[in-house]
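Summary of the model geometry
Here is how the chains run, residue by residue.
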Amino acid sequence: MGKETRLFKSEESKKRAEVSEFLRQIAERIEKGKVVLRQGTEELVLQIPENLILEVQVEDEDKRTKGIQHSLEIEIKWFDNDGPSGSLELG
């Protein structure tokens, strides 16, 4: 495996409507090809290529005292100079 370097991380509690709005906004920026992430004085600018890898994963994790934590993870990845791949559809 290659070395992984974390460039930016954020985790915070939000209402469902706030998460939905954030996802709409990030989708618009992905479509335009540029995403800027800001938190405090930290800023990361991503140039988004035409061809992407979309990974969707659902997990349940037993957090013992808090119970089961459910997660829906949506990960967008790309390689430099990568072409298109298969398709996932929403139902």
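Cut-offs used in this document
Residues numbered from 1 in each chain as written. Predicted model: local features only at pLDDT ≥ 70, side-chain atom pairs only at ≥ 80, totals over all residues. Heavy atoms only, no water. Pairing = 2+ DSSP bridges. Helix = DSSP H or I, 4+ residues; strand = E, 2+ residues; numbered from the N terminus. Expected span 1.5 Å × (residues − 1). Patch = residues over 30% accessible without salt bridge, like charges linked within 9 Å, V, L, I, M, F, W, Y side chains within 5 Å. Areas by Shrake-Rupley, 256 points an atom, 1.4 Å probe, with all protein chains shown as cover. Salt bridge = Lys/Arg side-chain N within 4 Å of Asp/Glu carboxyl O. Lys, Arg positive; Asp, Glu negative; His and termini not counted. Charge placed at Lys NZ, Arg CZ, Asp CG, Glu CD. Buried < 20%, exposed > 50% of the residue type's maximum accessible area, 1.4 Å probe, protein only.

Sheet topology places strand β1 (residues 34–39) next to strand β2 (residues 42–47); 6 bridges connect them, and they run antiparallel. Bridge pairing in β2 places Gln39 opposite Glu42. Counting the residues that bridge the hairpin from β1 to β2 gives 2 residues, and of these Gly40 lies at a positive phi of roughly 65°.

Let us look at helix α1 (residues 16–32). Under the 1.5 Å per step criterion, the end-to-end length of α1 is 25 Å for 17 residues, consistent within 8% with the ideal 24 Å. After α1 finishes, the residue Gly33 shows a positive phi value of roughly 95°.

Judged by side-chain charge, Glu4, Glu59, Asp60, Glu73 and Glu75 come together as a negatively charged surface patch. Listed by contribution, the elements that provide at least two residues to the negative patch are β3 (53–62) and β4 (68–77). Mapped onto the elements of the fold, Glu59 is located in strand β3. A relative accessible area of 33% places Glu59 in the partly exposed class.

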